[in-house]
Amino acid sequence: MAGVDSLPVREKIAFRRKSIRVMGDLVNLSLLMVRAEDYQRARDNFFASGRRIWFMFGGTVKRLDADLGNKIEAKFNSINTMLDQQAPTKNALVSDLTELDRLMQIAVKTSDEGI
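What comes next concerns the included structure. (Residues numbered from 1 in each chain as written. Predicted model: local features only at pLDDT ≥ 70, side-chain atom pairs only at ≥ 80, totals over all residues. Heavy atoms only, no water.)

Quick look at the packing of aromatic side chains
Across all of its chains, the model carries 3 aromatic pairs by this definition. Between Phe47 and Phe76 the ring centres are 5.4 Å apart and the planes differ by 45°, which places this aromatic pair in the tilted class. Residue Phe47 is found in helix H2 (residues 39–64), and its partner Phe76 is found in helix H3 (residues 66–83); the two are separated by 29 residues along the sequence. Each member of the pair Phe47 and Phe76 is classed as buried. An aromatic cluster is built from Phe47, Trp54 and Phe76, whose rings are joined through pairwise contacts. (Phe/Tyr/Trp six-rings, centres within 6.5 Å; stacked < 30°, edge-to-face > 60°. Helix = DSSP H or I, 4+ residues; strand = E, 2+ residues; numbered from the N terminus. Buried < 20%, exposed > 50% of the residue type's maximum accessible area, 1.4 Å probe, protein only.)

Written as structure tokens, this is what we have:
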């Protein structure tokens, strides 16, 4: 079976765009779970997947806008640390996830414009 590396450039771009959009959706779903105080589901079902996508495509965002990429990475790291705590602080998580969601919307637009 062919991997992503064997795709034509146009399809790679479409895959990257969709992946960055999915990452943004996962951040948003994490935010909804934190607001519902379901921290484990926020972390395990949504945030961890979004963070894995960041590890795959964060370099693209950083290449297009280094400052934006660094801000997103810092938020992912901060939120990950909070979600790993036994009793996370809801207000801090909501604040950071809201900011990360905002940054992800910018990343989607930046990615689309960078194509």
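Description of the packing of H2 against helix H4 (residues 90–113)
To describe two helices that pack against each other, one gives the angle between their axes and the distance between the axes. The N-to-C vectors of H2 and H4 enclose an angle of 35°; their axes lie 12 Å apart at closest approach. In the packing of H2 onto H4, the handedness of the crossing is left-handed. Between H2, through Tyr39, Phe47, Val61 and Leu64, and H4, the contact on the second element is made entirely by Lys90, Leu93, Leu97, Leu100, Ala107, Thr110 and Ser111. Within the contact of H2 with H4, the residues separate by chemical class into 8 nonpolar, 2 polar and 1 charged. (Axes fitted to C-alpha atoms, helices over the stretch in contact; angles between N-to-C directions. Left-handed = near helix turned anticlockwise from the far one by under 90°. Contact = heavy atoms within 4.5 Å. Nonpolar A, V, L, I, M, F, W, Y, C, P; charged D, E, K, R; others polar.)

Let's talk about the packing of H3 against H4
Two numbers describe how H3 lies on H4: the axes approach to 10 Å, and their chain directions differ by 150°. Considering their axes alone, H3 and H4 lie roughly antiparallel with respect to each other. Of the two elements, H3 crosses H4, and the hand of that crossing is left-handed. Contact residues: Leu68, Lys71, Ile72, Lys75, Phe76, Ser78, Ile79, Met82 and Leu83 in H3; Ala92, Leu93, Asp96, Leu97, Glu99, Leu100, Leu103, Met104, Ile106, Ala107 and Thr110 in H4. When the residues that make up the contact of H3 with H4 are grouped by side-chain class, the tally is 14 nonpolar, 2 polar and 4 charged. (Parallel < 35°, antiparallel > 145°, perpendicular 65-115°, else oblique.)

A look at the nonpolar core
Val34, Ile72, Phe76, Leu100 and Met104 are the most contacted members of the largest nonpolar core, which has 29 residues in total. Of all elements in the fold, only helix H1 (9–35), H2, H3 and H4 reach the threshold of two or more residues within this core. Setting aside its immediate chain neighbours within four residues, Ile72 contacts Trp54, Val61, Leu100, Leu103, Met104 and Ala107. (Core = buried A, V, L, I, M, F, W, Y, C linked by side-chain atoms within 4.5 Å.)

Considering the environment of Leu100
Relative to the helices and strands, Leu100 is located in helix H4. Look past the residues within four positions of Leu100 in its chain and what remains in contact with it is Val27, Phe47, Ile72, Lys75, Phe76 and Ile79.

Observations regarding the pattern of salt bridges
For the structure on display, the rule yields 7 salt bridges. Here Lys90 ties to Glu37 by a salt bridge, and the two come within 3.4 Å at their closest N and O atoms. Residue Lys90 is located in helix H4, and its partner Glu37 is located in the loop between H1 and H2; the two are separated by 53 residues in the primary sequence. Measuring nitrogen to oxygen at the nearest pair gives 3.3 Å for the salt bridge that ties Lys71 to Asp67. With a gap of 4 residues between them, Lys71 and Asp67 both fall in helix H3, about one helical turn apart. (Salt bridge = Lys/Arg side-chain N within 4 Å of Asp/Glu carboxyl O.)

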